[in-house]
Amino acid sequence: MTSSDAKAPLLSVRGLRKHFPVRKGVFSTVVGHVKAVDDVSFDVGEGETLGLVGESGCGKTTAGRSILRLIEPTAGEVTFAGETVYAPGVRPSSRDMRAMRRHMQIIFQDPYASLNPRMSVADIVGEGLKVHGLVSGRRELEDRVEELLVRVRLDPSYVNRYPHEFSGGQRQRIGIARALSLRPRFIVCDEAVSALDVSIQAQIINLLMDLADEFGLSYLFVAHDLSVVRHISHRVAVMYLGRIVEQASRDDLFGDPRHPYTKALLSAVPRADPTRKVERIVLQGDVPSPLRPPSGCAFHTRCPAVMDVCRHEFPPLREAGEGHTFRCHLEA
Ligand code: SF4
């Protein structure tokens with residue numbers, strides 16, 4: 001899988017915000033906002049995979065869903081293949097949105113919950129084909145679904161079976177076939193392998209990489225596990241409390257991490273070479289509530305390198321090399 005040289009990114013996200021209002025009392029008065037995603041910007045090139053990582057509750061899933069407008073963003077701009085998906089005051093018509101959605105799909109985390117148990121594989125995988133009027137009649141639908149099952153390495157004779165007849169890994173393959181059915185250019189993989197056994201995770205990741213090569217797909221690969229992200233991503237963005245704190249090529253991020261949070265996450269990743277010892281950085285405490293994020297640098301309550309300035313001043317964005325940025329008071 002090779003990263004694209006294309007100049008204009010396929011997906012461009014600028015200043016994306018998703019703030020959920022917190023309501024209280026009989027009049028549902030808004031008493032605050034949970035800033036689940038706060039000023040997030042990144043690009044995804046044609047044929048490129050961007051890994052989006054962080055602990056649970058950091059906002060990565062909300063960011064992925066906001067890009068597809070499965071959750072309506074609060075602010076920011078999202079463009080896909082030069083078309084506006086979201087911008088203040090710009091509302092693509094439902095027809096334009098439907099056309100864009102054909103090319104922007106999602107694979108969900110839980111292969112058990114994401115498939116309707118009352119629908120056969122033909123109906124689950126073929127639903128989009130029917131909605132977009134791309135098949136006429138049951139026979140053609142089944143033929144197209146069988147083709148997709150072969151692509152995701154499932155036996156095409158399973159076409160009339162139901163989700164409960166499959167293992168977790170097989171169900172995720174069905175979810176991938178559903179996402180592929182409309183020939184998308186971009187897929188959000190939302191913790192797509194997190195619920196699977198480690199051996200099955202590797203199979204699904206290899207499948208996703210093969211499909212990316214075969215169909216020229218771009219992925220936003222959302223995960224909390226850095227070792228999973230390392231395998232599939234060209235670039236990686238690390239999120240903490242709704243913000244991206246470091247973004248770099250995979251090799252730069254894993255070889256020369258700059259943000260103390262990235263360093264802590266990396267220190268917990270198991271290594272293939274046991275002779276290369278890396279001191280484990282254990283973060284104290286839980287991720288603070290996004291309803292009341294800490295002042296200054298939001299990571300200061302857990303950062304092993306915290307300084308006085310970190311407690312009251314928002315850290316600047318620093319450059320550590322081409323395409324390598326991080327947000328911290330520490331020098332590059
Ligand atoms: Fe740690 Fe300060 Fe950098 Fe935040 S700004 S990551 S608290 S050193």
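Just so it is clear, the model here is predicted, and its values are computed rather than measured. (Residues numbered from 1 in each chain as written. Predicted model: local features only at pLDDT ≥ 70, side-chain atom pairs only at ≥ 80, totals over all residues. Heavy atoms only, no water.)

Caption draft 1: Region of interest: the overall build of the protein. Each helix and strand counted, the protein has 9 helices and 12 strands in total. Based on the C-alpha atoms only, the size of the protein along its principal axes is roughly 70 × 60 × 45 Å. With 332 residues in all, the protein has 48% of them scored as buried. Sequence-distant contacts in the protein: of pairs separated by 6 or more residues, those separated by 24 or more amount to 62%. By element, 49% of the accessible surface of the protein is carried by carbon and sulfur atoms, the whole surface being about 16,100 Å². (Helix = DSSP H or I, 4+ residues; strand = E, 2+ residues; numbered from the N terminus. Buried < 20%, exposed > 50% of the residue type's maximum accessible area, 1.4 Å probe, protein only. Contact = heavy atoms within 4.5 Å. Areas by Shrake-Rupley, 256 points an atom, 1.4 Å probe, with all protein chains shown as cover.)

Caption draft 2: Quick look at the sheet that holds strand 3 (residues 49-53). Taken in spatial order, the 8 strands line up as 6-7-8-3-9-10-12-11 in an open sheet, and their pairing is mixed. Two strands in the sheet have a free side with no partner beyond their single neighbour: strand 6 (104-107) and strand 11 (317-321). Each strand of the sheet is rotated relative to its neighbour by a mean of 20 degrees, with strand direction disregarded. Where strand 3 meets strand 8 (residues 218-223), 5 bridges bridge the pair, whose relative direction is parallel. If you follow Thr49 over to strand 8, its bridge partner there is Tyr219. With respect to the sheet, helix 1 (residues 60-67) is in contact with strand 3, strand 6, strand 7 (186-190), strand 8 and strand 9 (235-240), its orientation differing from that of strand 8 by roughly 150 degrees. This element, helix 9 (residues 260-267), spans strand 9 and strand 10 (243-249) of the sheet and lies at about 105 degrees to strand 9. (Pairing = 2+ DSSP bridges. Axes fitted to C-alpha atoms, helices over the stretch in contact; angles between N-to-C directions.)

Caption draft 3: Layout of the environment of Leu70. Here Leu70 is to be found in the loop between helix 1 and strand 4 (75-80). Sequence spacing of Leu70 and Glu165 is 95 residues, and the spatial spacing of their C-alpha atoms is 29 Å. Filtering out sequence-adjacent residues up to four positions away, Leu70 remains in contact with Arg65, Arg101 and Ile106.

Caption draft 4: Main features of helix 1. Most of helix 1 is tucked away, with 6 of its 8 residues classed as buried. Those residues of helix 1 lying buried are Lys60, Thr62, Ala63, Gly64, Ser66 and Ile67. Of the residues trailing helix 1, Arg69 is marked for its positive phi of about 60 degrees.

Caption draft 5: Summary view of the packing of aromatic side chains. If you walk through the whole model with that rule in mind, you get 5 aromatic pairs. In textbook terms, an aromatic cluster arises when at least three aromatic residues are bridged by ring pairs, as seen for Tyr240, Tyr261 and Phe299. (Phe/Tyr/Trp six-rings, centres within 6.5 Å; stacked < 30°, edge-to-face > 60°.)

Caption draft 6: Summary view of the pairing of strand 12 (residues 324-327). Of the two faces of strand 12, only one is covered, namely that formed by His324 and Phe326; the face formed by Thr325 and Arg327 stays uncovered. Of the pairings in the sheet, the one linking strand 10 to strand 12 comprises 2 bridges and is antiparallel in character. Across the sheet, the residue bridging to Gln247 is Thr325, located in strand 12. Once strand 11 ends, the chain turns through 2 residues before running back antiparallel as strand 12, passing Gly323 with a positive phi of about 70 degrees.

Caption draft 7: Quick look at the sheet that holds strand 4. In space, the 4 strands of this open sheet follow the order 2-1-4-5, with antiparallel pairing throughout. Strands with a single pairing partner mark the edges of an open sheet, and in this sheet they are strand 2 (29-44) and strand 5 (83-86). When the angles between neighbouring strand axes are averaged without regard to direction, this sheet yields 30 degrees. The pairing of strand 4 with strand 5 spans 3 bridges and is classified as antiparallel. Within the sheet, the bridge partner assigned to Thr79 lies in strand 5 and is Thr84. Of the strands in this sheet, strand 1 (11-24), strand 2, strand 4 and strand 5 touch helix 1, which is tilted by about 115 degrees from strand 1.

Caption draft 8: Geometry of the site of the ligand. Taken together, His259, Pro260, Cys297, Phe299, His300, Cys303, Ala305, Cys310, Cys328, His329 and Leu330 make up all the residues around the ligand. Of the residues that constitute the shell around the ligand, the class distribution is 8 nonpolar, 3 polar and no charged. (Near = heavy atom within 4 Å. Nonpolar A, V, L, I, M, F, W, Y, C, P; charged D, E, K, R; others polar.)

Caption draft 9: How the structure looks around the side chain of Ser114. Here Ser114 lies in the loop between strand 6 and helix 3 (121-131). Excluding its chain neighbours within four sequence positions, the residues that come into contact with Ser114 are Phe108 and Arg178.

Caption draft 10: Region of the structure containing unusual backbone geometry. Backbone geometry places Ser28, a non-glycine residue, at a positive phi of 50 degrees. By secondary structure assignment, the location of Ser28 is in the loop between strand 1 and strand 2.

Caption draft 11: Here's a closer look at the packing of helix 3 against helix 4 (residues 138-151). Between helix 3 and helix 4, whose axes approach to 9 Å, the crossing angle comes to 105 degrees. Classed by the angle they form, the pair helix 3 and helix 4 counts as roughly perpendicular. The residues of helix 4 that touch helix 3, namely those facing Val121, Ala122, Asp123, Val125, Gly126, Leu129 and Lys130, are Arg138, Leu141, Glu142, Arg144, Val145, Leu148 and Leu149. Residues that form the contact of helix 3 with helix 4 fall into these classes: 8 nonpolar, 1 polar and 5 charged. (Parallel < 35°, antiparallel > 145°, perpendicular 65-115°, else oblique.)

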